[in-house]
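These are the residues of each chain, in order.
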Amino acid sequence: MMAALDGFLASYGNLVNLCLLNTLLAYGVWLALAANMFTLGTGGFMAVGAYCSVYFTMQLGAPFAVAVVAGGLLAAAVALVIGAPVLRLRGDYFMLATFAFTEVVRVIALNWDAVTGGAIGIYGIPRYTETWQLVLLVLIALYFVFALRRSYFGRSIAAIRQDDVMSEAMGVNVFGQRLSLFVASGFVSGGVGGLAAHLNFFVGPSDFGLLRSVDALAYPILGGVNALLGPMVGAIFTTLLPELLRFSSQWREILMGLLILAVVLFLPGGAMSLLRWRPRKAAARRPSTQGAE
Amino acid sequence: MLELVKVTSGYGSVAAVEDIDITVPAGACVCLIGANGAGKTTTLLTICGLVRAFSGTVRIEGRDMTARPADRIVRAGVSLVPEGRRVVASMSVEDNLKVGAYVRGGDPAIADDMELIYTRFPRLKERRFQYAGSLSGGEQQMLAMGRALMARPKLLLLDEPSMGLAPHVVNDIFATIADINAKGTTVLLVEQNARKALSVASYGYVMEHGRILFADTAEALARDPRVIAAYLGMRAAETASA
């Protein structure tokens, strides 16, 4: 049994790690999406967390766990600072502002040679991130999201997602809740950035750009924002898809685009809404929930 | 309970209500009637802190609450039943009620209050696990009212509770409003259906073009020729559209 697992990890270990890492990231983005914040700042937060944690391990010789938490905390602090003005913006303006943030971080990473290594990036980062750590963190994230959805705070977030003006009239501090979710999202993204850096031996300014932010946003949306496992399904699906489509060589990108388009068109509630096709009677008897359209 | 002094308010740089004075004594049921676009909803939203007053003062129980954040106003005991009900369609009836009790945090009495609401609206109890979006208009209005009551308000603001409802449902809703008021909750009611509003209220304000035209007891307003001509005279049209 163990031998089989070892063998599997030897050939697919990288892919497994990537799936776990992206799942974690998907829940980080979900925190923002849960209150209708379509953030493109994820790449920027990841970069902040990655460079900060690498600085901690390589320059300061700090333990790995401390470095990752420090990366997360710095990203959270940045989220707090940019959150206050940015969260006053709505919809597409919010997206543009967070995108601008990611770009600013990229440009800083490109030019601050002393810390980031400039355009060349940082090589030879020790590989500290282990699969079991990622599994553990994913489990923690799952439990956290599970508990959050059942709490008063979680219900108020679901109400904000549907109708923020009404929620405000009900006494929900919409701005405060959005800000705390945005900061939490920044923390997770920054932590994932640190984990990614210590998995790949290398960080460079182009690792955490717009593309990374869009990918991260796609995970929970494709999987389904309303379902607990939605972000995980979306992350694994999007990570494995390029591998599964390897047979098609140049067609891969096109096929991937078509698949994503199909999910968006036919499953607007995300892939997890497939599981909700059940007889009406059963659905009516289901006890109190806040999911699904 | 509630006092508006020379309040001017609106959106951007456009004033939708100008210089209005409204007093709602504790325990009263006061209505605000007027045509579409008279500024009735803006007045309510200004009280709730959802629209900022340009000038003037909003006092709740004697305390200046002008332009305070909305959650402070709810905590001060003012709940809004918004126009068009605005229940959270993808949440169950019960979860909608729980959102209404949000400001009370982990108050153990929430469960008891939920039972009280279910006693008042048995239809909601039957449908407690159903999505709020699947309720009829009247049931959604009950849910919106129940949700507002879950905050245990001293003052309940109702914005067009009769909108889009069948006449017999409107009668139920107004009977409920009268009962809520009789049990001690102060009510400020905004309505286009002036006849209904004046039947439950003790005092009324008439609004037009963002200003209070005049105010009087509900009986006097119901007999006032200006009110009859402008708001009650259209009885035929009103019943036809209801």
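This section reports on the structure supplied with the text. (Residues numbered from 1 in each chain as written. Chains lettered and ligands numbered in written order. Predicted model: local features only at pLDDT ≥ 70, side-chain atom pairs only at ≥ 80, totals over all residues.)

Notes on the overall build of chain B
Argument step 1. Per the secondary structure count, chain B includes 11 helices and 10 strands.
Argument step 2. Its C-alpha radius of gyration of 17 Å places chain B within 12% of the 18 Å reference for a compact globule of 242 residues.
Argument step 3. When the 242 residues of chain B are sorted by exposure, 48% land in the buried category.
Argument step 4. Taking the intrachain contacts of chain B between residues at least 6 apart in sequence as the baseline, contacts between residues at least 24 apart amount to 67%. (Helix = DSSP H or I, 4+ residues; strand = E, 2+ residues; numbered from the N terminus. Rg over C-alpha atoms; globule rule 2.2 N^0.38 Å. Buried ≥ 20, exposed ≤ 12 C-beta atoms within 10 Å, placed from the backbone. Contact = placed C-beta atoms within 7 Å.)

Regarding the overall build of chain A
Argument step 1. Of regular secondary structure, chain A possesses 13 helices and 0 strands.
Argument step 2. Computed over C-alpha atoms, the radius of gyration of chain A comes to 19 Å, within 12% of the 19 Å expected from 2.2 N^0.38 for 293 residues, which places it in the range of a compact globule.
Argument step 3. Summarising its shape, the C-alpha atoms of chain A cover approximately 60 × 50 × 35 Å along the three principal directions.
Argument step 4. In chain A, buried positions account for 44% of the 293 residues.

Quick look at helix α7 (residues 167-182) of chain B
Residue and element names in this part refer to chain B.
Argument step 1. Given a rise of 1.5 Å per residue, 16 residues ought to cover 22 Å, and the 23 Å separating the end C-alpha atoms of α7 matches this to within 8%.
Argument step 2. All buried positions along α7 are accounted for by Ile173, Phe174, Ile177, Ile180 and Asn181. Looking straight down α7, one finds its buried side chains confined to an arc of 115 degrees; they lie on one side. In α7, the exposed residues that point more than 90 degrees away from the buried face are His168, Ala175, Asp179 and Ala182.
Argument step 3. Gly184 occupies a position one or two residues after α7 and carries a positive phi of about 115 degrees. (Expected span 1.5 Å × (residues − 1). Arc of directions from axis to C-beta.)

Section: the sheet that holds strand β4 (residues 53-60) of chain B
Residue and element names in this part refer to chain B.
Argument step 1. Reading across from one edge, β2-β1-β4-β5 is the order of the 4 strands in this open sheet, with antiparallel pairing throughout. Of all the strands in the sheet, just β2 (14-24) and β5 (63-64) have a single pairing partner and so form its edges.
Argument step 2. Alignment of strand β1 (residues 2-11) against β4, held across 6 bridges, turns out to be antiparallel. The partner of Ser9 across the bridge, within β4, is Ala53.
Argument step 3. Lying over the sheet, helix α1 (residues 40-48) contacts β1, β2 and β4, oriented at roughly 110 degrees with respect to β1. (Pairing = 2+ DSSP bridges. Axes fitted to C-alpha atoms, helices over the stretch in contact; angles between N-to-C directions.)

Digging into the interface of chain B and chain A
Interface size is often expressed as the accessible area that is lost when the parts come together.
Argument step 1. At the interface, 26 residues of chain B touch 23 residues of chain A.
Argument step 2. At the level of secondary structure, the elements contributing two or more residues to the side of chain B that touches chain A comprise α2 (70-75) and α3 (93-100) of chain B.
Argument step 3. It is α3 of chain B that provides the largest number of residues to the side of chain B that touches chain A, a total of 5 residues.
Argument step 4. For the side of chain B that touches chain A, the per-class residue count stands at 14 nonpolar, 5 polar and 7 charged. (Nonpolar A, V, L, I, M, F, W, Y, C, P; charged D, E, K, R; others polar.)

Let's talk about the environment of Cys48 of chain B
Argument step 1. Summarising the element assignment, Cys48 of chain B is placed in helix α1.
Argument step 2. A C-alpha to C-alpha distance of 29 Å links Cys48 of chain B and Arg123 of chain B, two positions 75 residues apart in sequence.
Argument step 3. Those residues in contact with Cys48 of chain B, other than ones at most four positions away along the chain, are Ala169 of chain A together with Ala70, Ile73, Val78, Leu80 and Leu157 of chain B.

Focus on the nonpolar core
Argument step 1. Formed by 156 residues in total, the largest nonpolar core has its most connected members in Leu21 and Leu24 of chain A together with Cys48, Leu157 and Leu189 of chain B.
Argument step 2. Element by element, the count of residues in this core is highest for helix α1 (residues 2-33) of chain A, at 13 residues. (Core = buried A, V, L, I, M, F, W, Y, C linked by C-beta atoms within 7 Å.)

Thoughts on helix α2 (residues 42-59) of chain A
Count 3.6 residues to each turn of an α-helix, and residues three or four apart come out pointing the same way.
All names here are of chain A.
Argument step 1. Its 18 residues place the ends of α2 25 Å apart at the C-alpha level, agreeing with the 26 Å of an ideal helix rising 1.5 Å per residue.
Argument step 2. Of all 18 residues in α2, 15 are buried; the element is thus mostly enclosed.
Argument step 3. Gly61 lies just past α2 and shows a positive phi near 65 degrees.

Examining the sheet that holds strand β3 (residues 29-34) of chain B
All names here are of chain B.
Argument step 1. Overall, mixed pairing links the 6 strands, which are arranged β6-β7-β8-β3-β9-β10 in an open sheet. Two strands in the sheet have a free side with no partner beyond their single neighbour: β6 (78-81) and β10 (211-217). Neighbour-to-neighbour, the strand axes of this sheet turn through a mean angle of 15 degrees, independent of strand direction.
Argument step 2. For β6 and strand β7 (residues 155-159), the ladder comprises 4 bridges, and the chain directions are parallel. Across the sheet, residue Ser79 finds its bridge partner in β7, namely Leu156.
Argument step 3. Sitting on the sheet, helix α6 (residues 137-149) touches β6 and β7, and the angle it makes with β6 is about 170 degrees.
Argument step 4. Contacts between α7 and the sheet are confined to β3, β7 and β8 (186-191), with β8 contributing the most and set at about 155 degrees to the helix.

So, the environment of Ile125 of chain A
Residue and element names in this part refer to chain A.
Argument step 1. Along the polypeptide, Ile125 turns up in the loop between α5 (113-116) and α6 (131-150).
Argument step 2. Distance in space between the C-alpha atoms of Ile125 and Glu243 is 26 Å, their sequence separation being 118 residues.
Argument step 3. Beyond its immediate sequence surroundings of up to four residues, Ile125 is in contact with Val54, Met58, Ala197, His198, Phe201, Phe202 and Val203.

A closer look at the environment of Val135 of chain A
Argument step 1. Looking at the secondary structure, you find Val135 of chain A in helix α6.
Argument step 2. Along the sequence, Val135 of chain A and Leu24 of chain A sit 111 residues apart, while their C-alpha atoms lie 9.4 Å from each other.

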